[in-house]
Amino acid sequence: MKRRMFLLLPFFAGAAWAAETEMREPRVIAIRAKKFEYTPSEITVKAGEPVVLEFTTEDVHMGFDAPSLGLHADILPGRLARVPFTPSKEGSFEFACDVFCGSGHEEMGGVIIVHV
């Protein structure tokens, strides 16, 4: 009986490792920045969930700044800007474009909502 348990140990250890690896795979959220908006402008994530924000733009050089979460990115036309993070606190956190992109720039923003 002990020998059978010993032989099955690698199987269970491997299954547990695979499940843990799957849980750590970040959720990718695609965000399009264009004059003068982010799509989507409201992003909802869970606390403790690994996330990657992927930004694209076809317009001009833009930015992303979520100071309450310590997140920042330059968004350049034709390039993918990736911002990985794992939110640790619950709440609503505003973000905005921090690179002047033309008239209407002041209204370009959104919110990241973190819940448990």
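The structure this text deals with has already been given above.
Notes on the structure in this doc start here. As the structure is a computational prediction, the values presented were derived from the model and not from experiment.

**Some details on the packing of aromatic side chains**
All told, the structure shown has four aromatic pairs when counted by the stated rule. Their ring planes at 70 degrees and their centres at 6.3 Å tell us that tyrosine 38 and phenylalanine 55 sit as a pair that is edge-to-face. Here tyrosine 38 is found in strand 2 (residues 37-39), whereas its partner phenylalanine 55 is found in strand 4 (residues 51-57), with 17 residues between them in sequence. The two residues tyrosine 38 and phenylalanine 55 agree in class, both being buried. Between the aromatic rings of phenylalanine 64 and phenylalanine 95, the centroid separation amounts to 5.2 Å while the plane-to-plane angle is 50 degrees, which identifies the pairing as tilted. Separated by 31 residues along the polypeptide, phenylalanine 64 in strand 5 (residues 62-66) and phenylalanine 95 in strand 8 (residues 91-96) bring together distant segments of the chain.

**Some remarks on unusual backbone geometry**
In this structure, phenylalanine 36 follows lysine 35 across a cis peptide bond, with omega equal to -5 degrees. With respect to the helices and strands, the residue phenylalanine 36 is situated in the loop between strand 1 (27-34) and strand 2. Cis geometry is adopted by the peptide bond preceding proline 40, which originates at threonine 39 and carries an omega value of 0 degrees. With respect to the secondary-structure elements, proline 40 resides in the loop between strand 2 and strand 3 (42-46).

**Observations regarding the pattern of salt bridges**
Pairing between side chains becomes possible if they bear opposite charge and their charged atoms approach one another. Tallied over the full model, the rule gives three salt bridges. A salt bridge links glutamate 49 to arginine 27; the nearest nitrogen and oxygen atoms lie 3.4 Å apart. Residue glutamate 49 is located in the loop between strand 3 and strand 4, and its partner arginine 27 is located in strand 1; the two are separated by 22 residues in the primary sequence. Glutamate 37 is the partner of lysine 34 in a salt bridge, and the nearest nitrogen-oxygen pair spans 3.4 Å. Note on lysine 34: relative accessible area 27%, which makes it partly exposed.

**Thoughts on the environment of glycine 104**
Among the structural elements, glycine 104 can be located in the loop between strand 8 and strand 9 (109-115). The partly exposed category is assigned to glycine 104, whose relative accessible area is 23%. Between the C-alpha atoms of glycine 104 and lysine 35, which are 69 residues apart in sequence, the distance is 7.6 Å.

**Some words on the side chain of threonine 57**
Mapped onto the fold, threonine 57 is located in strand 4. Separated by 3.2 Å, the side chain of threonine 57 and the backbone nitrogen of aspartate 59 make a polar contact. The contacts of threonine 57, once residues within four sequence positions are left out, are Ala33, Met62, Ile75, Leu76, Pro77 and Gly78.

What counts as what
- Residues numbered from 1 in each chain as written.
- Predicted model: local features only at pLDDT ≥ 70, side-chain atom pairs only at ≥ 80, totals over all residues.
- Heavy atoms only, no water.
- Phe/Tyr/Trp six-rings, centres within 6.5 Å; stacked < 30°, edge-to-face > 60°.
- Helix = DSSP H or I, 4+ residues; strand = E, 2+ residues; numbered from the N terminus.
- Buried < 20%, exposed > 50% of the residue type's maximum accessible area, 1.4 Å probe, protein only.
- Salt bridge = Lys/Arg side-chain N within 4 Å of Asp/Glu carboxyl O.
- Polar contact = N/O pair within 3.5 Å; in protein donor to acceptor, adjacent residues only side chain to side chain.
- Contact = heavy atoms within 4.5 Å.

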